[in-house]
Each structure stands twice: as C-alpha cells, then as structure tokens.
Amino acid sequence: MHETKPPPLTGIKVVDLTRYLAGPFCTQILGDYGAEILKIEPVENPRGELGESGDPKHHDSYFFLSANRSKKSIRLAIKKPEGREILMRLIDGADVVVDNFRPGVMNAIGLDYETLAQRNPRIITCSISGFGSNGPLRDFPGFDQIAQGMSGLMSVTGTVESGPTRVGIAICDLLGGIFSAQGILLALEARHRDGRGQRVETSLLESIVSILTWSAGIYFETGVTPAPAGNNHPLSSPHGVFKASDRPFNIACGNEAMWKKFVKVIGRPELADDERFKSSGRRIKNRAALTEEINRALASNPAEHWIQLLNREGIPSGPILTIEEMFKHPQTAAREMLLKLPHPELGEYLTTGLAAKLESTPGKITRPPLVGEHTDEVLAAHGYSQEELKRLRASGVIA
C-alpha cells in the first residue's frame, strides 16, 4: 500500500468567474485535484448561476450539481466599488482566474490578463469562449450545439437517413473545460521556470476541431468530406452494433487476426473465404451484406453469451447500457465511478468519480457548496474582520 500525499494541486488558488458548463467543468477538474476554487456568485441571485431546480425543496439544480463540486462559494456584488475591491484582493492572492464571458468583457471590466499581471505577475488567466478571441465570429455567442454543428462533428454523427445528429452530451462544453484545465496546468508548469503567469484561452469550436483525428485525416488525404457512418466504424468492419437474440451490442473486430477468430466463434468459418469479405476494404464495401450474415448467426443466443465468448477470444465486445445500467454495473463500482456524499439539503449527493487516478497524490471530491456558503470563511481568511463582514452584508456587497 502506497502512502498517499495531498492532492497535486494543493496550494493553488483559483478565482472562478465562470457560468453555464464549460467554465465550471474546468474549475471543477482543478478542484477535484486539490486546488482551492473560489466560485463567485452574484449577490442578487440566492440560488446562483443556473441554480433553479424547479423543486422548491432544493436550491441546487442537477446542472449546478454536476459541474460545481469541490469548490467554495462566495456571493459578491462585483459591480459595486467595495465588491470590486474584495474581488481584486482575492485575485491578488490567487494563482489563476478563469472566465467564460464573451471576448472583450474581461477587458471592459478591467480584469484582463495585462491589467491583472501588473498587480500580480504570477497570475494565470484562462478564458473560454464560443469561437475564440479573434476571427469573424469573435463576438458571436457560443453554445454547445452551435459549436457541434460548426465543428464538423454533427456532419459525421448519425446516419445518412437521420441527417446531422448532435452528440448526446454537451461534448464541446465538456472538452472546452478539459482543454482549459490542461492549458492552466501547462501554464503552471511553465511558471516554475520563469516565475511569470500567462494568458490561456480556448473555445468550444477549437475543442472539437482539435480532436477530429481520422475524420479530418480522411478529408486531408482524399479531399472528400466523410459521410456519417452511424454506429459503424468508417475504417473497419465488422466494427459496430450487431443484434443478438435479446438486444443489440457492440463488436470491434479491429484486424485480420481478429476477423479470422471471429467467424469461427460465431459458427460461420466459411465467411473468411467469401470473396466479398476477404479483406478489410471488401468488408467495408460490402458492410450491409456482412452485417446481415453476422446478425443471422448471432440471433441464436443472447448478447451476454456472445460478449463473454468474444472477449475470451480477444475480440472486443460489450453491451450498450443505459445510464442506469452503467451505474449498476460491477465494473463501474470497482473503479469507484459512482460516489455518494452527504449533502445538507439533498441528504445524499450522487456524483461521478475521477477518471484520472493518481496513486500517490489522489484527487479528492467534495460536495458542491450551497450558494454563498463560504463567503465569510473566505473573506475572513483574506483579512476581513467580523465587523467588516457585517457591514458589507448590510450594504448588500456580500451575502
């Protein structure tokens, strides 16, 4: 058993000016691995940004709960002079400031990197926007589905019959948050060398364009835009969704050795000698006919029978689970991907576990804060007396 040490970002302080999903997801990642996240919420909204749940018993929505764990919450009127002074004091003692306003907003309110760096040369700022800080779409509002459409992602998702289809989660927002967290970590590492911070930025559009990989590669090599392949892998066959006697499931037959084993496992060894299926290229060209042959063979047994049999032979295969089924699966439990934490309003708070598991310096998840829960604690730690806190609260600067 290895001795565990504090999470790797312990001692890093982040002022979080974000909202919606991309920005909060970025800072949540940093918080999960030990950074102190000071989430600034407006005084005028006691439920915080997007905090309305529709349930009068609970202040927090699933939207807020899913992207704001491992943080401290402060309600602050940053448009008031004293509120602005408090914010600047927090930033003076911080390592990172994160926002996802439209480009230009941080400059307009005097919180741009150049201004902050004059006060704190070690500061790192990170801005997440829809399309980036320059270019013809700079000032356009950016939401996940708009970016999914513009990035080319929707054009290769779905089927020819369905037309362009969005990914079922807010993939641009989430990847925007992940790449922003990555950029912040890189900037922190660079700061070790020269002692100075820097500006980091990404956008929802760039987050998807950067991961198009082989879809972009097909276009680069052939000049042809890839068509949507549905549940089929565009470069491999059989590789996709197939039907057993009880339900569909996935098979990924990734090379010739797997293919030769596969036809024997399903009881159709003669398919290996069929001229239509003798190479990967021919199997892709004749995918519909091959799928029909495979489904006919698989119809004799339930999906779990084939999944076990194929995996024992080294052929990747797996079920298509609902969210509920996934969270009940023993593999999910074994990897601690469902966590239950106490919550003062909900009683029990459910959340997903950490994808990156560090053996010696593991991350630590704490429940999302109640809006404004840590206002007094954080401000007291930054030198404000109890008398000052009472006065600031009475004047509406904090809550």
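The structure under discussion appears in the preceding block.
Let us look at the structure shown here. (Residues numbered from 1 in each chain as written. Predicted model: local features only at pLDDT ≥ 70, side-chain atom pairs only at ≥ 80, totals over all residues. Heavy atoms only, no water.)

1. Quick word on the sheet that holds strand 9 (residues 317-319)
What the 3 strands build is an open sheet, ordered 7-8-9; its pairing is antiparallel. On the outer flanks of this sheet lie strand 7 (239-243) and strand 9, each paired with one strand and no other. In this sheet, neighbouring strand axes are inclined to one another by 25 degrees on average, regardless of whether the strands run parallel or antiparallel. Inspection of the sheet shows strand 8 (residues 248-252) paired to strand 9 by 3 bridges, in the antiparallel sense. Paired with Phe 249 across the bridge in strand 9 is Pro 319. This element, helix 12 (residues 287-298), spans strand 7 and strand 8 of the sheet and lies at about 45 degrees to strand 7. (Pairing = 2+ DSSP bridges. Helix = DSSP H or I, 4+ residues; strand = E, 2+ residues; numbered from the N terminus. Axes fitted to C-alpha atoms, helices over the stretch in contact; angles between N-to-C directions. Contact = heavy atoms within 4.5 Å.)

2. Considering the environment of Leu 341
Relative to the elements of secondary structure, Leu 341 occurs in strand 10 (residues 338-343). Along the primary structure Leu 341 and Arg 367 are separated by 26 residues, whereas in three dimensions their C-alpha atoms are 6.5 Å apart. Among residues more than four places away in sequence, those in contact with Leu 341 are Gly 347, Glu 348, Tyr 349, Ile 365, Thr 366 and Arg 367.

3. Focus: unusual backbone geometry
Across the junction of Ser 237 and Pro 238, the peptide omega takes the value 0 degrees, indicating a cis bond. Within the chain, Ser 70 stands out as a residue other than glycine whose phi angle is a positive 55 degrees. Along the chain, the position of Ser 70 falls in the loop between helix 2 (62-65) and strand 3 (72-75).

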